Amino acid sequence: MNNNHQERDVYVAIADPTRRKLIRLLAEVDELPLHELTAQFDMGRTAVSKHLAILKDAGLVLARKEGRETRYRLNAAPLKEIQDWVSFYEGFWKERIAKLHLLLEEKK
Amino acid sequence: MKPDVSLDFKFTSSIEQVWHALTDSDTLAKWIWNNDFQPIVGHKFQFRAEPNEWWDGIVDCEVLEVEEPHKLSYTWTSAGETTTVTWTLTQVADGTTQLHLDQGGFSEETKARQGAIEGAKYAWTNMSAQLEKVLA
């Protein structure tokens, strides 16, 4: 499948709690500059901007320069991949099979 | 029916052990959900997950094929969508077992469902705990 790569990116992008918090913050507003986002975390702006870069690569945030600051906005469209049933069940079965693996190993 | 979900897994257990895990109700409960499964063609059964705000937690199923220890297939109806789950087991020469899963029959509407961005925002927050386990 052609879209596998992008799909994985979206899953990886949201697997991290900092990045989920960033999405949540951006979901509530139109746009936020980096320094305002950084203020919400116990980490420096470099760390926060690394997380934003991963979200940007997955197409989940859009960045634009305004003067000296970069402003970020949410692009939630790629998240719909996760909501669709096929992706849901792929994730679901992988998780279940991981459990089955443990179960069969225990029996050995 | 063309599968929409197609996944391959490998086990170091024997084909009989994997078959048992797929067809024994108590074992199934440990890795899927509580159920009243029986490996009998035509048997109707349910998987029962913890219900939540968005889902009653019930999956209605009917056994379609039982070909011990190579093939097992049942319908899977949940949240208004009926699909078919088919497990295919293959014994490999080195004693390991290959397990192939097909889940097919998703409606075109479901596959094509666009938008629902608000719903998606909502859904991923609730599913993320599960996703994390998948990705771990």
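Residues numbered from 1 in each chain as written. Chains lettered and ligands numbered in written order. Predicted model: local features only at pLDDT ≥ 70, side-chain atom pairs only at ≥ 80, totals over all residues.

### Focus: the overall build of chain B
What counts here: Only DSSP runs of H or I covering at least 4 residues are called helices, and only runs of E covering at least 2 are called strands; the numbering of each starts at the N terminus. Field definition: a residue is buried when 20 or more other C-beta atoms are found within 10 Å of its C-beta, exposed when 12 or fewer are, and partly exposed for counts in between, with C-beta atoms placed from the backbone. Any two residues are considered in contact once their C-beta atoms, placed from the backbone, lie within 7 Å.
Looking only at helices and strands, chain B features four helices and seven strands. Shown N-terminal to C-terminal, the secondary structure of chain B runs as helices and strands in the order β-α-α-β-β-β-β-β-β-α-α. The buried share among the 136 residues of chain B stands at 18%. Once local pairs closer than 6 in sequence are excluded, the contacts in chain B between residues at least 24 apart make up 35%.

### Topic: the confidence of the model for chain A
Selection rule: Each residue carries a pLDDT value, the predictor's own confidence for that position, ranging from 0 to 100.
Residues with a pLDDT of 70 or more make up 84% of chain A, whose mean pLDDT is 82. Within the model, pLDDT remains below 50 along residues 1-8 of chain A, and this stretch shows two contacts once partners closer than five positions in the same chain are excluded.

### Some thoughts on the sheet that holds strand S3 (residues 69-74) of chain A
All names here are of chain A. For clarity, the threshold we go by: Between any two strands, at least two bridges found by DSSP are needed for them to pair. Here, axes are lines fitted to C-alpha atoms. For helices the fit covers the stretch in contact, and angles between N-to-C directions go from 0 to 180 degrees.
The three strands lie next to each other as S1-S3-S2, forming an open sheet whose pairing is antiparallel. Across the chains shown, the open sheet's two edge strands, defined by having one partner strand only, are strand S1 (32-33) and strand S2 (61-66). Here helix H2 (residues 17-28) sits on the sheet and contacts S1, S2 and S3; the angle it forms with S3, its principal contact strand, is near 85°.

### Some words on the nonpolar core
So the rule is basically this: For this analysis, nonpolar core means a set of buried Ala, Val, Leu, Ile, Met, Phe, Trp, Tyr and Cys residues linked through C-beta atoms within 7 Å.
Counting 17 residues, the largest nonpolar core has Leu26(A), Leu55(A), Leu60(A) and Val61(A) as the members making the most contacts within it. If you list the elements that add at least two residues to this core, you get helix H1 (4-14), H2, helix H4 (45-57) and S3 of chain A. If we skip the residues at most four places from it in the chain, Leu60(A) touches Val10(A), Ala13(A), Ile23(A), Leu55(A), Leu74(A), Asn75(A) and Pro78(A). Grouped together as the second largest cluster of nonpolar side chains are 14 residues, Trp19(B), Leu72(B), Trp87(B) and Leu101(B) included.

### Notes on unusual backbone geometry
A cis amide bond links Glu68(B) with the next residue in sequence, Pro69(B), at an omega value of -10°. Counting through the fold element by element, Pro69(B) comes out in the loop between strand S4 (58-67) and strand S5 (71-78).

### Some details on the pairing of strand S7 (residues 97-104) of chain B
In regular strands, side chains alternate between the two faces of the sheet. Residues and elements named next belong to chain B. Side-chain alternation along S7 places Thr 97, Leu 99, Leu 101 and Gln 103 on a buried face and Gln 98, His 100, Asp 102 and Gly 104 on a face that remains uncovered. Across eight bridges, the pairing between strand S6 (residues 81-91) and S7 is antiparallel. Bridging across to S7, Thr 84 finds its partner in Gly 104.

### Describing H2(A)
Residue and element names in this part refer to chain A. Cut-off, in case you're wondering: A helix is expected to reach a length of 1.5 Å times the quantity of its residues less one. It is the directions from the helix axis to the C-beta atoms whose arc is reported.
Here H2 spans 17 Å end to end across 12 residues, near enough to the 16 Å set by a 1.5 Å rise per residue. Those residues of H2 not exposed but buried are Arg 19, Leu 22, Ile 23 and Leu 26. Across the axial projection of H2, the buried residues extend over an arc of 100°, all falling on one side. Summarising the geometry of H2, the exposed residues directed more than 90 degrees from the buried face are Pro 17 and Glu 28.

### What about the environment of Trp93(A)?
Here Trp93(A) is to be found in helix H6 (residues 85-106). Beyond its immediate sequence surroundings of up to four residues, Trp93(A) is in contact with Val5(B), Leu7(B) and Leu101(B).

### Notes on the pairing of strand S3 (residues 44-48) of chain B
Residue and element names in this part refer to chain B. One ladder, built from two bridges, connects strand S2 (residues 34-35) with S3; its direction is antiparallel. Pairing of Asn 34 across the sheet is with Arg 48, part of S3. With five bridges joining them, S3 and S4 adopt antiparallel strand pairing. Within the sheet, the bridge partner assigned to Arg 48 lies in S4 and is Ile 58.

### What about the packing of H2(A) against H4(A)?
Residues and elements named next belong to chain A. The condition is simple: Throughout, the term roughly parallel applies to angles under 35 degrees, roughly antiparallel to angles over 145, roughly perpendicular to angles from 65 to 115, and oblique to all others. Each residue is assigned to one class: nonpolar for Ala, Val, Leu, Ile, Met, Phe, Trp, Tyr, Cys and Pro, charged for Asp, Glu, Lys and Arg, and polar for all the others, Gly among them.
Interaxial distance between H2 and H4 falls to 10 Å at its minimum, and their mutual angle equals 75°. Taken as axis vectors, H2 and H4 run roughly perpendicular relative to one another. Residue-level inspection shows Thr 18, Arg 19 and Leu 22 of H2 in contact with H4, the latter providing His 51, Leu 52, Ile 54 and Leu 55. Of the residues assigned to the contact of H2 with H4, the class counts are four nonpolar, two polar and one charged.

### A word on the environment of Trp31(B)
The residue Trp31(B) is located in helix H2 (residues 25-31) in this model. In this structure, the C-alpha to C-alpha distance between Trp31(B) and Ala21(B), residues 10 residues apart in sequence, is 8.7 Å. When sequence neighbours within four positions are dropped, the list of residues in contact with Trp31(B) reads Arg96(A), Lys99(A), Leu100(A) and Leu103(A).

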